[in-house]
Amino acid sequence: QLVQKCQFEQGVRLGEDMLFNYQYLENATKVSVIDYSGYIYNINSNSATHTFKEGDFEGQLNLREKGIEFYREVLGGEGIPKVIEQNYVGNILGIIISLVTTLSIKESYFYLKKYLNNEFFVSKLKAYFPINMKFKMLKIVCFKKCYFGIILLGKINKLRMRFNTN
């Protein structure tokens, strides 16, 4: 019955599940944590997380703001939790991988220049702790604005997705 009170936000392409979770948790009267991870992630090269749309960067900023709002208004927290900042930067790096995987070199260069000159994002990138080697390399080449290196990582990612048999 609690799930029926929640809705996926219309027009949200990336992070709609997180927004749904905020609604769910806001209405929950009790939350328990168990030592079990039952989540199975299937890689789909046609999913929203593997394709690029112009508003994705701005959408992640909105998702970050909603997370901060949830933290402050529902949980009564102060400041901004590191997990929200980590999630924001990780999602932007995922968008960067998507754009260099799916767009032409010329289009990739255009968006990379735009995003990597965004002072707010760059300030958050400085404090980001990558979750894996791919994101560690991506942080370094993004921070150095090595556009060719980023595009190369995207092309490697495209090959990896093509030959992924999982």
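Here is what the cut-offs are and how they apply
Residues numbered from 1 in each chain as written. Predicted model: local features only at pLDDT ≥ 70, side-chain atom pairs only at ≥ 80, totals over all residues. Heavy atoms only, no water. 1 Å grid on protein atoms, 1.4 Å probe; cavity = no way out; pocket = protein on both sides within 12 Å on 5 of 7 lines; lining within 4 Å. Points joined across faces, edges and corners; volume = space filled by probe spheres on them. Helix = DSSP H or I, 4+ residues; strand = E, 2+ residues; numbered from the N terminus. Nonpolar A, V, L, I, M, F, W, Y, C, P; charged D, E, K, R; others polar. Core = buried A, V, L, I, M, F, W, Y, C linked by side-chain atoms within 4.5 Å. Buried < 20%, exposed > 50% of the residue type's maximum accessible area, 1.4 Å probe, protein only. Contact = heavy atoms within 4.5 Å. Expected span 1.5 Å × (residues − 1). Arc of directions from axis to C-beta.

A. Seen up close, the layout of surface pockets. Empty space within the second largest pocket amounts to approximately 240 Å³. Every residue lining the second largest pocket is counted, 15 residues in all, and those nearest its centre are Met18, Tyr22, Val83, Ile84 and Asn87. For the lining of the second largest pocket, the elements supplying multiple residues, two or more each, are helix 1 (16-27), helix 2 (56-74) and helix 3 (82-102). Class assignment for the residues of the lining of the second largest pocket results in 10 nonpolar, 4 polar and 1 charged.

B. Structural detail: the nonpolar core. Leu93, Ile96, Phe121, Leu138 and Ile150 are the most contacted members of the largest nonpolar core, which totals 28 residues. Mapped by element, the contributors of at least two residues to this core are helix 3, helix 4 (105-116), helix 5 (119-126), helix 6 (133-143) and helix 7 (147-163). Of the residues forming this core, the biggest block, 9 residues, is contributed by helix 3.

C. Region of interest: the side chain of Ser108. Inspection of the secondary structure puts Ser108 in helix 4. With sequence-adjacent residues up to four places away left out, Ser108 is seen in contact with Leu99, Val100, Leu103 and Ile151.

D. View of the environment of Lys82. Positionally, Lys82 belongs in helix 3. Note: C-alpha distance between Lys82 and Ala127 (45 residues apart in sequence) is 9.3 Å.

E. Region of the structure containing helix 4. Here helix 4 spans 16 Å end to end across 12 residues, near enough to the 16 Å set by a 1.5 Å rise per residue. Buried within helix 4 are the following residues: Ser108, Tyr111, Leu112, Tyr115 and Leu116. End-on view of helix 4: buried residues confined to an arc of 115°, all on one side of the axis. Facing away from the buried surface of helix 4 by more than 90 degrees, the exposed residues are Lys106 and Phe110. Each element contacted by the buried residues of helix 4 is listed here: helix 2, helix 3, helix 5, helix 6 and helix 7.

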